[in-house]
Amino acid sequence: MIGYYIHHQGSGHLNRARTIAANSTLSVTGLSTLRAPDDWPGPWIRLPADDDGEPGKFGDVTAGGRLHWAPLRHTGLRGRMAGIAHWIATATPRLFVSDVSVEVALLARLLGVPIAAVAMRGERNDPPHQMAYDLASLLLAPWPASLPEPGWSAHWYAKTVYTGAFSRFDRRARLQAAKEATTREGPRQALLLLGSGGTDVSPGEVKAAQEATPGWQWTMLGGLDGSWSADPWPALCAADVVITHAGQNALAECAAARRPAVVVPQERPFGEQTATGRALTRGRLAVVTPKWPNAEEWPSLLDQAHRLGGDGWTRWAPGDGATRAANALTEAALSESTL
């Protein structure tokens with residue numbers, strides 16, 4: 001039995017967990033504020049929210065900088081930690097995965113369960129991240145070993161399993177639309193793919209970019225003003241260029257479709273997306289711009305991305321990352337020598 005904590009912000013953590021659980025030979029119990037997805041293969045524990053209430057009401061939520069989120073006298077936090085502890089005491093899991101919470105990882109380890117942490121790019125040398133990564137028996141890095149995150153300590157590298165990026169689309173055949181994208185007549189297709197975890201891009205900026213690129217037809221999925229699609233795969237495959245942020249899930253899905261991309265990292269804690277953008281630039285996998293470009297820059301950026309193509313994504317997302325992750329977790333769970 002493996003326990004898997006899934007953070008509720010955005011959709012990337014959940015999609016990653018779903019893909020790993022579907023490839024696991026061991027039973028995986030999901031624990032999250034989120035509702036269980038229809039395709040979850042095992043048990044699911046619904047946790048109380050710990051981020052509701054008036055901002056600033058709950059004292060020093062970082063415990064003097066030693067934690068990331070531990071609001072004082074918060075009923076939801078108390079209930080979710082008690083629920084996780086009760087499940088661990090009852091189910092006696094062989095391994096607990098944190099994706100991602102320092103506090104939950106610490107709780108599981110204090111209860112005597114080996115932990116695996118899903119690693120994130122960016123500046124992770126703050127005391128809470130150092131503690132979680134130090135305590136983990138295994139770090140899952142959903143990026144290729146050829147593009148490691150610089151600045152990690154040697155013992156973090158030593159216990160890291162590089163899976164490459166992976167998504168729910170890895171085993172799905174690329175559609176005929178992808179082949180037709182290079183030969184069809186008419187305007188080329190630009191797909192703006194925004195996440196559910198927040199965006200720095202305004203509708204006015206998007207409109208200006210559209211007006212500056214008359215040879216391109218823009219479609220927007222996600223964000224506040226875009227349509228939502230439960231299955232963006234056909235749109236991804238049909239795009240001549242995808243414009244997206246640098247979130248792990250969005251990039252993994254773009255990479256699975258092997259589409260050319262313009263990547264605009266968003267502001268995120270610890271500089272996560274900025275660091276991901278640097279890795280993409282090092283690997284020459286996409287055209288990366290540090291902020292939403294001015295309107296007059298878009299024609300050149302889209303042309304650059306189209307010329308670069310999408311074949312380089314094979315390095316980023318080889319297609320078997322979820323299997324690698326599931327196998328690594330299973331091996332750690334069954335090991336008698338897990339730290």
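Look above for the structure.
The rules behind the values
Residues numbered from 1 in each chain as written. Predicted model: local features only at pLDDT ≥ 70, side-chain atom pairs only at ≥ 80, totals over all residues. Heavy atoms only, no water. Helix = DSSP H or I, 4+ residues; strand = E, 2+ residues; numbered from the N terminus. Rg over C-alpha atoms; globule rule 2.2 N^0.38 Å. Buried < 20%, exposed > 50% of the residue type's maximum accessible area, 1.4 Å probe, protein only. Areas by Shrake-Rupley, 256 points an atom, 1.4 Å probe, with all protein chains shown as cover. Lys, Arg positive; Asp, Glu negative; His and termini not counted. Charge placed at Lys NZ, Arg CZ, Asp CG, Glu CD. Pairing = 2+ DSSP bridges. Axes fitted to C-alpha atoms, helices over the stretch in contact; angles between N-to-C directions. Contact = heavy atoms within 4.5 Å. Polar contact = N/O pair within 3.5 Å; in protein donor to acceptor, adjacent residues only side chain to side chain. Parallel < 35°, antiparallel > 145°, perpendicular 65-115°, else oblique. Left-handed = near helix turned anticlockwise from the far one by under 90°. Nonpolar A, V, L, I, M, F, W, Y, C, P; charged D, E, K, R; others polar. Phe/Tyr/Trp six-rings, centres within 6.5 Å; stacked < 30°, edge-to-face > 60°. Core = buried A, V, L, I, M, F, W, Y, C linked by side-chain atoms within 4.5 Å. Expected span 1.5 Å × (residues − 1). Arc of directions from axis to C-beta.

Student: Could you give an account of the overall build of the protein, naming the residues involved and the relevant values?
Tutor: Across its full length, the protein carries 13 helices and 12 strands. A globule of 339 residues ought to have a C-alpha radius of gyration of about 20 Å, and the protein, at 20 Å, matches this closely. Counting only residues that meet the buried cut, the protein has 51% of its 339 residues in that class. For the protein, the computed accessible surface area is about 15300 Å², with 54% contributed by carbon and sulfur atoms. Across the protein, the mean location of the 32 positive side-chain charges is 4 Å away from that of the 32 negative side-chain charges.

Student: Lay out the sheet that holds strand S2 (residues 28-32) in plain terms, naming residues and giving numbers.
Tutor: Reading across from one edge, S3-S2-S1-S4-S5-S6-S7 is the order of the seven strands in this open sheet, with parallel pairing throughout. What marks the edges here is a single partner per strand, and that holds for strand S3 (44-46) and strand S7 (160-162). Taken pair by pair, the neighbouring strands of this sheet meet at an average axis angle of 20°, ignoring direction. Sheet topology note: the strand S6 (residues 138-141)/S7 ladder contains three bridges and is parallel. Its bridge partner lying in S7, Ala141 is registered against Tyr162. Most of the contacts of helix H1 (residues 12-23) go to strand S1 (residues 2-6), to which it runs at about 160°, and overall it touches S1, S2, S3, strand S4 (95-99), strand S5 (115-118) and S6. Sheet strands touched by helix H13 (residues 321-334): S1, S4, S5, S6 and S7. Its angle to S6, the strand with the most contacts, is close to 175°.

Student: Could you give an account of the side chain of Thr19, with specific residues and numbers?
Tutor: Relative to the elements of secondary structure, Thr19 occurs in helix H1. In terms of polar contacts, Thr19 uses its side chain to reach the backbone carbonyl oxygen of Asn15, at 2.8 Å. When near neighbours in sequence (up to four residues on either side) are disregarded, Thr19 contacts Phe166, Ser167, Arg168 and Ala322.

Student: Describe the packing of helix H3 (residues 102-110) against helix H4 (residues 127-135), and please don't skip the residues or the numbers.
Tutor: At their nearest, the axes of H3 and H4 sit 9 Å apart, and the two run at 40° to each other. Between H3 and H4, the angle falls in the class oblique. The two elements H3 and H4 cross, and the hand of that crossing is left-handed. Here Val102, Leu106 and Arg109 of H3 come into contact with H4, specifically with Pro128, His129, Met131, Ala132 and Leu135. Tallied by class, residues from the contact of H3 with H4 come to six nonpolar, one polar and one charged.

Student: How would you summarise the packing of aromatic side chains if you had to cite specific residues and measurements?
Tutor: For the structure on display, the rule yields 10 aromatic pairs. Relative to Trp156, the ring of Tyr133 lies with its centre 4.9 Å away and its plane at 70°, an arrangement referred to as edge-to-face. Of the two residues, Tyr133 is situated in helix H4 and Trp156 in helix H5 (residues 154-158); the sequence distance between them amounts to 23 residues. Taken as a pair, Tyr133 and Trp156 share a single burial class, namely buried. Cluster of aromatic residues (ring-pair linked, three or more members): Tyr133, Trp143, Trp152, Trp156 and Tyr157.

Student: Can you tell me about unusual backbone geometry, naming the residues and giving the values?
Tutor: A cis amide bond links Asp99 with the next residue in sequence, Val100, at an omega value of -5°. Residue position: Val100 is located in the loop between S4 and H3. Within the chain, Arg73 stands out as a residue other than glycine whose phi angle is a positive 55°.

Student: So what's going on with the nonpolar core? Residues and values would help.
Tutor: Of all hydrophobic cores here, the largest spans 57 residues; its most connected members are Ile84, Phe96, Tyr133, Leu236, Trp313 and Trp316. Each residue touching Phe96, except ones within four places of it in the same chain, is listed here: Gly3, Tyr5, Leu31, Ile84, Trp87, Ile88, Val104, Ala108, Val113, Pro114, Ile115 and Ala116. Membership of the second largest hydrophobic core comes to 24 residues, among which are Ile2, Ala17, Val118 and Ala326.

Student: An account of helix H2 (residues 75-91) is needed here, citing residue identities and associated values.
Tutor: Taking 1.5 Å as the rise per residue, H2 with 17 residues should run 24 Å; its terminal C-alpha atoms sit 24 Å apart, in good agreement. Looking at H2, one finds that the buried residues are Gly76, Leu77, Arg80, Met81, Ile84, Trp87 and Ile88. One side of H2 holds all its buried residues, which, seen down the axis, span an arc of 130°. Set apart from the buried face of H2 by more than 90 degrees, the exposed residues are Thr75, Arg78, His86, Ala89 and Thr90. Elements that come into contact with the buried residues of H2 comprise S1, S2, S3, S4 and H3. Once H2 ends, the next one or two residues include Thr92, with phi positive near 45°.

The analysis is restricted to geometry; functional conclusions fall outside its scope.
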